[in-house]
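One-letter residues, chain by chain:
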Amino acid sequence: MSYEVIKFIHVLLLVFWLGTDVGVLLLARRFRDASLSVETRLTLLHMAMVIDTLPRICFIVMLPVGVHLANAAGLLNVEMPGLVGLWLLAAVLLTVNMSAAKHIGTPLGARLQRLNWTGLGIAGLLLIATGLASLVNGTPYMVSWLAAKIVIYGLVYWFAIGIDWMFLPVGRLTAELAEKGSSEEIEAGITRTVDQTMWAVLAVYASTLAAAWICVTKIDF
């Protein structure tokens, strides 16, 4: 596959990651509106969860595609076994991530979410450590802007954990809303949960855009 094709795919992943995630953000904020009927609010939340499928896919697939792109640009030299390993890792992370989101609010979902956080946390730490080692020691060797981008992308994994962790109470609150209807306690919990989650979402946006800016400008660190 040519460099241009891989680069085009890489750009599309970024567009569909952040673009669709903004839709999820807007729907989640609208879900807080207690003036809407319970049915409408549950529909909005359901739509947000369905749309959220695409940014989850793009976020995780970005790593192997990015390594392919760096290989094609001559910035890295990852052999085929390494590339296959990255795709297998992405497949596992994506399966667990999507399953945890699908079963949110259930005992199975809680177990899957812990597994999801563990996988994302380890992957994020490995990326951060790899980028920092390259910046500090020059091993593995790569241009400094790429190493910095890898560090930031590793941080995004941890911010993604923050989003899921902060948003976790919504499963319980939604069940209570559907069963009991609106109340001051439930509405306060929903508003608090959504508002807190926004900070982690904004951290993902800022980090992702920073990584994209570094890639475009190729700043020397």
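Asker: What exactly am I supposed to notice about the layout of surface pockets here?
Answerer: Vacant regions in the atomic arrangement are exposed by a probe of water-molecule size rolled over the atoms. When its volume is computed, the largest pocket comes out at roughly 910 Å³. Residue lining of the largest pocket: 37 residues in total, with His10, Gly66, Val67, Leu146 and Lys149 positioned closest to the centre. For the lining of the largest pocket, the secondary-structure elements that each account for two or more residues are helix 1 (3-31), helix 3 (53-72), helix 4 (80-102), helix 5 (107-137), helix 6 (144-167) and helix 8 (184-217). Roughly 210 Å³ of volume is contained in the second largest pocket. In terms of residue count, helix 8 provides more of the lining of the second largest pocket than any other element does, six residues in total. Of the residues belonging to the lining of the second largest pocket, the class tally is five nonpolar, three polar and five charged.

Asker: Just checking my understanding: could you explain the nonpolar core for this structure?
Answerer: Most often, soluble globular proteins keep nonpolar side chains buried together rather than apart. Membership of the largest hydrophobic core comes to 54 residues, with the highest contact counts inside it found for Trp17, Phe59, Leu63, Tyr153, Tyr157 and Ile190. At the level of secondary structure, the elements contributing two or more residues to this core comprise helix 1, helix 2 (38-51), helix 3, helix 4, helix 5, helix 6, helix 7 (169-180) and helix 8. For this core, the element with the highest residue contribution is helix 6, accounting for 13 residues.

Asker: Would you mind showing me how to read helix 1 here?
Answerer: Residue pairs spaced three or four apart in an α-helix point in one direction, given the helix's 3.6 residues per turn. With 29 residues, helix 1 extends 42 Å between its outermost C-alpha atoms, agreeing within 8% with the 42 Å of an ideal straight helix rising 1.5 Å per residue. For helix 1, every residue scored as buried is listed here: Ile6, His10, Leu13, Trp17, Leu18, Thr20, Asp21, Val24, Leu25, Leu27, Ala28 and Phe31. Contacts made by the buried residues of helix 1 are with helix 2, helix 3, helix 6, helix 7 and helix 8.

Asker: Sorry if this is basic, but what is going on with the packing of aromatic side chains here?
Answerer: By convention here, two paired aromatic rings are described through the distance between centres and the angle between planes. Counting across every chain of the model gives four aromatic pairs. Here the aromatic cluster, defined as three or more aromatic residues joined through ring pairs, consists of Trp17, Phe59, Tyr153 and Tyr157. The positively charged end of Arg41 is found above the aromatic ring belonging to Phe31, 5.5 Å away from the centroid.

Asker: I'm lost on a nonpolar patch on the surface in this one. Help?
Answerer: A cluster of nonpolar side chains, contributed by Met1, Val5, Phe8, Ile9, Val11, Leu12, Val15, Phe16 and Leu54, occupies part of the molecular surface with about 800 Å² of accessible area. Take the nonpolar patch: its biggest share by element is seven residues, from helix 1. Of note, Met1 is situated in the segment before helix 1.

Asker: Can you walk me through helix 4 in this structure?
Answerer: Taking 1.5 Å per residue, 23 residues should reach 33 Å; helix 4 reaches 33 Å between its end C-alpha atoms and fits that length. Buried-residue contacts for helix 4 involve helix 3, helix 5 and helix 6.

Asker: Could you clarify how one ought to interpret unusual backbone geometry in this entry?
Answerer: With glycine set apart, most residues show a phi of negative sign, and most peptide bonds adopt trans. A cis geometry characterises the amide bond from Thr139 onward to Pro140, with omega recorded as 0°. Among the structural elements, Pro140 can be located in the loop between helix 5 and helix 6. In this structure, Lys218 takes a positive phi of about 55° despite not being glycine. Residue placement: Lys218 occurs in the segment after helix 8.

Asker: Sorry, what's going on with the side chain of Lys149 here?
Answerer: On the secondary structure map, Lys149 appears in helix 6. Of the side chains with opposite charge, Asp220 comes closest to the buried, unpaired Lys149, at an N-O distance of 16 Å. In contact with Lys149, not counting residues within four places along its chain, are His10, Ala211 and Cys215.

Rules used throughout
Position numbers for residues count from 1 along each chain, tracking the sequence in the order it is written. Note on the predicted model: pLDDT of at least 70 is required for a residue's local features to be given, and 80 or more for side-chain atom pairs to be given and counted; whole-chain, interface and lining totals, by contrast, use all residues. Neither water nor hydrogens contribute to the side-chain values; these are computed over all heavy atoms in the structure. Points on a 1 Å grid over protein atoms alone make up a cavity when a 1.4 Å probe fits among them but cannot get out, and a pocket when they form an open set with protein on both sides within 12 Å along at least five of seven lines; lining residues each have an atom within 4 Å of a point. Grid points are joined across faces, edges and corners, and a volume is the space filled by probe spheres set on the points. Helix and strand labels come from DSSP, where a helix needs a run of H or I of at least four residues and a strand needs a run of E of at least two; each type is numbered from the N terminus. When residues are grouped by polarity, Ala, Val, Leu, Ile, Met, Phe, Trp, Tyr, Cys and Pro land in nonpolar, Asp, Glu, Lys and Arg in charged, and all others, Gly among them, in polar. Joining through side-chain atoms within 4.5 Å is the link that ties buried Ala, Val, Leu, Ile, Met, Phe, Trp, Tyr and Cys residues into a set, and such a set is a nonpolar core. When a residue's accessible area, from a 1.4 Å probe over protein chains only, is under 20% of the maximum for its type it is buried; when over 50% it is exposed; and in between it is partly exposed. Expected helix span is computed as 1.5 Å times (number of residues minus one). The contact definition used throughout considers only heavy atoms, calling two residues in contact when any of these lie within 4.5 Å. Planes of paired rings set the category: under 30 degrees apart is stacked, over 60 is edge-to-face and the rest tilted, where pairs are Phe, Tyr or Trp rings (Trp by its six-membered ring) whose centres lie within 6.5 Å. A positively charged side chain is recorded as over a ring if its NZ (Lys) or CZ (Arg) lies within 6 Å of the ring centre. The angle to the ring normal must also be within 35 degrees. Note on patches: the residues involved have over 30% relative accessible area and no salt bridge, like charges join within 9 Å, and the nonpolar side chains Val, Leu, Ile, Met, Phe, Trp and Tyr join within 5 Å. Each accessible area is a Shrake-Rupley result for a 1.4 Å probe, and residues are judged covered by the shown protein chains and nothing else. Salt bridges are counted wherever a side-chain nitrogen of Lys or Arg sits within 4 Å of a carboxyl oxygen of Asp or Glu. In this tally, Asp and Glu contribute negative charge and Lys and Arg positive charge; neither His nor the terminal groups of the chain are included.

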